[in-house]
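# Structure at a glance
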Amino acid sequence: MGYQSLQACVADLERTGRLIRIEQEVDAHLEAACIARRVFQAAGPAVFFARVKNCAFPMVGNMFGTMERARYIFRDTLEAVGRLVDLRLNPTEVLRRPWRFLSLPRTAWHLLPQDVADGPVMACRTTVSALPRLQSWPDDGGPFITLPLVYTEDPKRPGPWRSNLGMYRIQLTGNQYQTDAEVGMHYQIHRGIGIHHAAAVAKGEKLPVTVHVGGPPALTLAAIMPLPEGMPEIAFAGALGDQRTRLSDGVLVDTDFVLKGFVDPTRRLPEGPFGDHLGYYSLAHDFPVMTVASVHHRRDAIWPFTTVGRPPQEDTMFGALIHELTGPLIPAVLPGVKAVHAVDAAGVHPLLLAIGSERYTPYEKRTSPREILTQANAILGQGQLSLAKYLLIVAGDDNPNLSINDIPAFLHHLLSRIDFRRDLHFQTCTTIDTLDYSSGTMHMGSKLVMAAVGAPRRALSNEVPNLPASLRNPRLVMPGVLAVEGDPIVDHVPTDPRWEGTPLWVVVDDSAFTAATLSNFLWVTFTRSNPAADVHGIDAFIEQKHWGCRGPLVIDARRKPHHAPPLEEDPAVMHRVDALAAPGGPLHGIL
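Residues numbered from 1 in each chain as written. Predicted model: local features only at pLDDT ≥ 70, side-chain atom pairs only at ≥ 80, totals over all residues. Heavy atoms only, no water.

## Observations concerning a nonpolar patch on the surface
Judged by side-chain polarity, Trp109, Leu112 and Trp161 come together as a nonpolar surface patch covering roughly 330 Å² of accessible area. Counting through the fold element by element, Trp109 comes out in helix H6 (residues 104-110). Among the residues examined, Trp109 registers a relative accessible area of 47% and is labelled partly exposed. (Patch = residues over 30% accessible without salt bridge, like charges linked within 9 Å, V, L, I, M, F, W, Y side chains within 5 Å. Areas by Shrake-Rupley, 256 points an atom, 1.4 Å probe, with all protein chains shown as cover. Salt bridge = Lys/Arg side-chain N within 4 Å of Asp/Glu carboxyl O. Helix = DSSP H or I, 4+ residues; strand = E, 2+ residues; numbered from the N terminus. Buried < 20%, exposed > 50% of the residue type's maximum accessible area, 1.4 Å probe, protein only.)

So, in structure tokens, the structure goes:
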């Protein structure tokens, strides 16, 4: 039986030792988020803040901070949702093993949203100013809702079956917003709300919006699920939560808070900055403004929140859980593709790994990528996967035991096989993640597909070779990969056979930091480079508009003036959190 409310989930987590309660007053300005991040890094419990400074509402963070806890929250329904996935993959399975699907009618019933007259969230009225003013990082533009459930319907065909429930961050105050009357709404490229916004623009109408906070945990996970167009998130939430999602005039009535209002399609104001999940600030840009008509909450309302930053953070667990649910569907949605991995340590969208198939010409020995290039294009045309900046794809036929989650093994497999004269495929002047500042232009950048098939063509080296004079301080990241400092413009340097065993060089500001951990390497390399501008190569050439290089590939991953600043903690806040972890403090034994 799924949780009927956030209160039921919090009580259960506390009863089972998966949540701790902090009774000392905690400031929502920087301190609460710092605590949540520190507890997450320690693989600690969910944290309930009973007394929030200058606020009447309690807060809860890190609810999904471990996979064990995330699975526990949805323990009663994950199996049923998995059976829906099985049925999508193998429709005949219900005939062969019907007993496995006996619960499907109940699950299908819960897919249907329920129209009601009223509900708990409408019990009390308040104002935007009275809500918890969560600010996660020192240079954020103000307080934000970090787990918002933003509900809209299609202006052309209103109703829950053409609705969208998305997690689009909401800035409560700051910048030019009118206090208690306006909030900022940041939604990124390729998000479902954009379709409804475009329809409102076409009709010249205001777009009704309800922004919810809290409620059954199934709503939170549903809001970030990459569902196919045509399946409303509130239906999936019903299946995941083991209860029909209840609505009243566009309000999800079992949530804890709701802001009712509308977006004027023609009006925008600066939103941000905001410390984001790539590990940098997303800067202030013009985004839609929501005019707030009213704010409501249930009598026992709790304010859930998360905080993001350089991975891993709590949202890493969201991604892992989503992959568990949707990963098996990849071969059905993308024929020939066996697995896709959005690499969390690289900020998710900057780097995708994929294992495909080479089935086109089984009568020939595979020596060059063919079908996996078709599959790469299919991946880059699929929803939010289209925001990927680097896509590294290999043929699973060459090593059936290769795991998509073993990143060192995957890179070793690709680098030992790839031919940089042939196997680099660029897309320029295209879309990338809104939060990625590597190109200097919002939404815009480039992509690079690196494809490799066949037998190994080189043995990767653990030795650091002599480098061109412009490069210095080499550090070995892993076999075949060097982090170096200096000038990356080496396209016309003749190649040297001694460099064959180290085919990838990454030019960075601090080679020791970059090479210290795999996580550092992935974060620096793929968040700080834009392929079309920052990929170079030893002995590079252009032939029939194809760029390649005869020697090592060189990626310039240094900080550039147009990049956003990285996130840094406030030392004074860190000191206050340390005090909570001292003997006798509520976080003692956790931090």
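## Observations concerning the environment of Asn462
Residue position: Asn462 is located in the loop between strand E23 (444-452) and strand E24 (471-478). On the basis of relative accessibility, which here comes to 51%, the residue Asn462 falls in the exposed class. For the pair formed by Asn462 and Met167, sequence separation is 295 residues and the distance between their alpha carbons is 44 Å. Residues contacting Asn462, with those up to four places away along its chain left out, are Leu476 and Pro479. (Contact = heavy atoms within 4.5 Å.)

## Points about the packing of helix H8 (residues 217-224) against helix H10 (residues 314-326)
A pair of packed helices is characterised by two quantities: the angle between their axes and the separation of those axes. Where H8 meets H10, the axes come as close as 11 Å, and the angle between the chain directions of the two elements is 80°. When the interaxial angle is binned, H8 and H10 end up roughly perpendicular. Together, Thr220, Leu221 and Ile224 of H8 and Phe318, Leu321, Ile322 and Leu325 of H10 make up the contact between the two elements. Of the residues assigned to the contact of H8 with H10, the class counts are six nonpolar, one polar and no charged. (Axes fitted to C-alpha atoms, helices over the stretch in contact; angles between N-to-C directions. Parallel < 35°, antiparallel > 145°, perpendicular 65-115°, else oblique. Nonpolar A, V, L, I, M, F, W, Y, C, P; charged D, E, K, R; others polar.)

## Looking at the packing of helix H2 (residues 31-41) against helix H17 (residues 571-580)
It is at 10 Å that the axes of H2 and H17 come closest, and there the two elements cross at 60°. When the axis of H2 is compared with that of H17, the two are oblique. Pair H2 / H17 crosses with right-handed handedness. Here H2 contributes Glu31, Cys34, Ile35 and Arg38 to the contact with H17, which in turn contributes Val573, Met574, Arg576, Val577, Asp578 and Leu580. Each residue belonging to the contact of H2 with H17 can be placed in one class, and the counts come to six nonpolar, no polar and four charged. (Left-handed = near helix turned anticlockwise from the far one by under 90°.)

## Some words on the pattern of salt bridges
Opposite charge on two side chains allows them to pair when their charged atoms are near. Scanning the model with the defined rule gives 29 salt bridges in all. The partner of Lys203 in a salt bridge is Glu205, and the shortest N-O contact between them spans 3.5 Å. Residue Glu205 is classed as partly exposed on the basis of its relative accessible area, which comes to 35%. One network of salt bridges, in which partners are shared, links Asp534, Asp556, Arg558 and Lys560.

## Some points on the side chain of Arg18
Counting through the fold element by element, Arg18 comes out in the loop between helix H1 (6-15) and strand E1 (19-22). Its relative accessible area of 18% is what places Arg18 among the buried residues. In this structure the side chain of Arg18 is engaged in a polar contact, spanning 2.7 Å, whose partner is the side chain of Glu68. Filtering out sequence-adjacent residues up to four positions away, Arg18 remains in contact with Leu13, Pro45, Ala46, Glu68, Arg69 and Tyr72. (Polar contact = N/O pair within 3.5 Å; in protein donor to acceptor, adjacent residues only side chain to side chain.)

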